[in-house]
Amino acid sequence: YQIVHRETLQRRRSKQTKTMASRRVSSMLSRSFMSSPSLFALRGKHHNMNRGVYGYSNVAAGEDTITPPVKVEHTQLLIGGKFVDAASGKTFPTLDPRTGEVIAQVAEGDVEDVNRAVSAARKAFDEGPWPRMTAYERSKILLRFADLVDKHNDEIAAIETWDNGKPFEQSSKIEVPMLARVFRYYAGWADKIHGMTVPGDGSHHVQTLHEPIGVAGQIIPWNFPLLMLSWKLGPALACGNTVVLKTAEQTPLSALLVGRLLHEAGLPEGVVNIVSGFGPTAGAAIASHMDIDKVAFTGSTDVGKIILQLASKSNLKAVTLELGGKSPFIVCEDADVDQAVELAHFALFFNQGQCCCAGSRTFVHERVYDEFVEKAKARAIKRAVGDPFKSGIEQGPQVDSEQFKKILKFIKHGVESGATLQAGGDRFGSKGYYIQPTVFSDVKDDMLIATDEIFGPVQTILKFKNLDEVIARANNSRYGLAAGVFTQNLDTANRLMRALRVGSVWINCFDVFDATIPFGGYKMSGIGREKGIYSLNNYLQVKAVVTAIKNPAWL
C-alpha cells in the first residue's frame, strides 16, 4: 500500500548527504509576531534587523552556517517505553536543510516495528494503568510533562530548527511554548470528560458513558512536527487512549526528544510509541493495522484518500484527516493598504510558506490593487532570509530538496502561464534549500499557481471587483481549510464569514491558533476537527446503558 502524504510525498533524501506559556497563549502566531518588530511589522514600518541581516537580495544564505547549540541524543524508535533499533537494523539520514548535510542516522521503522509498537500500545491499554488510573492522575502527568517542556524549551527548539529549517525564534518563542500550552489545556480536560443521564420514555434508568477509543494511530507531517504532535497526543492521552505515532521522515528528531520527556513525567510504558519511517511501509502499516482503533492523519489530500481507503479495507477504524488547502486572503476596498500588505505577507510567507492554511490566493479589490502589488513587492524584497539560527531571520530554508525543486517548478510555471513576476523567482544563496520570497501579480484563477498547493514562499495576487465575485471565486476550489478577510466594515466581514466555505475564517488577523480553537476543513481539506473541545470526540466512544427500574419514584 503506497502512502505518500505530505510528509511522505518526498522521496528519501540523498544518502550522502521561556516559556511563553502563560495562562492563555492566545493568537499563537499572529499576535506573537505582531508584537515582534523583527518578525511582524505593522503599518509598513519595516524595522531594522539585527546587524548582519538584510533583505533577501543582499544575503548569501548558507554561508557561515551557525553550529546548533544542541546534541542529538535520540535516533532510535520508542517502543514500550524503551529506545530500540529498528527490527531490520536499517537507518536513514535526516538532513540539515541549511546545507543538505546529514545531521544523524535515524532508525527506519517498517511493518514489523509498527506491529511491535501496536502490541505495546494494546498491552498498555488492555492491561496497563493508564486508562485505569483516575483522570486527575492522568492530568498531573500531562502537567508535569508541560513543565519539562518549559525546562527544555531551547533544547527542543534547537532540534526542531536544525531538522526543519524554521527560524529558531519561531521555534523557541512560539511553537515549543504552544506545545506546553496544548498539553496543559488537555490536562485540564482529563477529569471533565463524562457522560449524561438521559430521560427515557419508560421505566428505565438511561445513562451514557464516554470511553476511550483504544489504540490510536497518528501520522504527523514535517512542517509543524511539535504542534501536530501536541494536537494529536494531547486529546488522545487526556481521554485515556494509547498511541502509536509516526513521524515524518524529514523531521524525526524533536518527537523522539519529546517522547523521552513524556516518560520522565511518569507516562507508563507503552502508552506512547514513536516510529520513524516512511509512508509506504510504516505509514501504510498504521493505516491498515487490524488492532488500531482510530487513525489521525495530517498531510496531503491525495494521501488522505489512501488513508481512508486503507482504514475501510482493514477494520473500518475511525479516521480524522487534516489535509491540504489553497486559502483565500481577501483585501477589501476599504482596507488600510499598509496593514493589509503586512498581514497578507505574514499569511503567506510564515514558516517558509509551508502551511496548509497559508493565505496563498491573495484577492485584492481593484481600487487598491496597484498600490497593494507595489507594496507587497517591496515587503517581499525586504524579507530577512538566512540561517534560521541567526537572530532576526524571518525565513529559513525549505525542508528538503524535493520541496525546493517542486516550488521552483511552480514558479517557472507561473512565469510561463503569463503571471507577472514582481519579486524573487529563484533560489537564494549557493547552498541549502533557500528560495527567494516570490510575488506574482496578474494571476488568473485557472493558473496552476492559483489552483494547486505550492507549499512555499510564493505569493499570488489576484484582482476582484465586488463581493459577489470574490465569494464565488474564493469558493471555487476543491479545498476549504481557511480564509482571511481584511476590512473595516462590519457588514462586509459578517457577509464573508458566512459565505466562505472553509473551516476557519480570520478577520483582520491570520494564523491565530489558540489551543481552544477548533481547526479543520470543509470539502477536500479534511474530516473532523483538531484542538479545542471538539477534538475530544475523536478519541471517545459513546456507550448507552439502559437499566430497567421497578416502581420508580419519578421518571
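What you are looking at is a predicted structure, and each value in this text was computed from that prediction instead of being measured.

Structural notes on the sheet that holds strand β12 (residues 328–331)
Moving on, step 1. The 7 strands lie next to each other as β14-β15-β16-β13-β12-β18-β19, forming an open sheet whose pairing is mixed. Every interior strand has two partners, whereas the edge strands, β14 (420–423) and β19 (504–507), have only one. For this sheet, the mean inter-axis angle between neighbouring strands, taken without regard to orientation, is 25°.
Moving on, step 2. With 4 bridges joining them, β12 and strand β13 (residues 361–365) adopt parallel strand pairing. Residue pairing for β13: Pro328 is matched across the bridge by Arg361.
Moving on, step 3. Lying on the sheet, helix α12 (residues 401–416) is in contact with β14, β15 (438–441) and β16 (458–464); it crosses β15 at an angle near 25°.

Brief notes about helix α5 (residues 168–189)
Moving on, step 1. Taking 1.5 Å per residue as the helical rise, α5 with its 22 residues ought to reach 32 Å, and the 31 Å between its terminal C-alpha atoms agrees with that figure.
Moving on, step 2. Helix geometry: α5 is bent most strongly at Glu175, by close to 25°, with proline Pro177 lying one to four residues after it.
Moving on, step 3. Taken across its 22 residues, α5 has 18 buried, putting it largely inside the fold.

Examining unusual backbone geometry
Moving on, step 1. In this structure, Phe455 takes a positive phi of about 60° despite not being glycine.
Moving on, step 2. Tracing the chain through its elements places Phe455 in the loop between α13 (448–451) and β16.
Moving on, step 3. Of note, the phi angle at Lys523 is positive, near 50°, even though the residue is not glycine.
Moving on, step 4. Along the chain, the position of Lys523 falls in strand β20 (residues 522–523).

Section: the packing of aromatic side chains
Moving on, step 1. Using the criterion set out here, one finds 15 aromatic pairs in the structure.
Moving on, step 2. Here the aromatic rings of Tyr185 and Tyr186 are separated by 4.9 Å at their centres, their planes lie at 80°, and the arrangement is edge-to-face.
Moving on, step 3. Residue Tyr186 is classed as buried on the basis of its relative accessible area, which comes to 0%.
Moving on, step 4. These aromatic residues form a ring-pair network of at least three members: Trp231, Phe329, Trp506, Phe510, Phe513 and Phe519.
Moving on, step 5. Above the ring of Tyr539, the side-chain terminus of Lys294 is found at 5.4 Å from the ring centroid.
Moving on, step 6. A cation over an aromatic ring shows up here: Lys531 above the ring of Trp231, its NZ or CZ 5.1 Å from the ring centre.

Description of the UniProt feature "active site" (unreviewed entry) in the chain
Moving on, step 1. When the UniProt feature table is mapped onto this chain numbering, "active site" (unreviewed entry) sits at Glu322.
Moving on, step 2. For Glu322, a relative accessible area of 3% puts it in the buried group.
Moving on, step 3. In this view, Glu322 contacts Met228, Phe297, Thr298, Gly299, Cys356, Leu481, Phe519, Ser525 and Glu530; residues no more than four positions away in its chain are not counted.

Rules of the game
Residues numbered from 1 in each chain as written. Predicted model: local features only at pLDDT ≥ 70, side-chain atom pairs only at ≥ 80, totals over all residues. Heavy atoms only, no water. Pairing = 2+ DSSP bridges. Helix = DSSP H or I, 4+ residues; strand = E, 2+ residues; numbered from the N terminus. Axes fitted to C-alpha atoms, helices over the stretch in contact; angles between N-to-C directions. Contact = heavy atoms within 4.5 Å. Expected span 1.5 Å × (residues − 1). Bend = angle between axes of the 7 residues up to and from the residue. Buried < 20%, exposed > 50% of the residue type's maximum accessible area, 1.4 Å probe, protein only. Phe/Tyr/Trp six-rings, centres within 6.5 Å; stacked < 30°, edge-to-face > 60°. Lys NZ or Arg CZ within 6 Å of the ring centre and 35° of its normal. UniProt positions renumbered as here; feature names shortened; annotations may be inferred.

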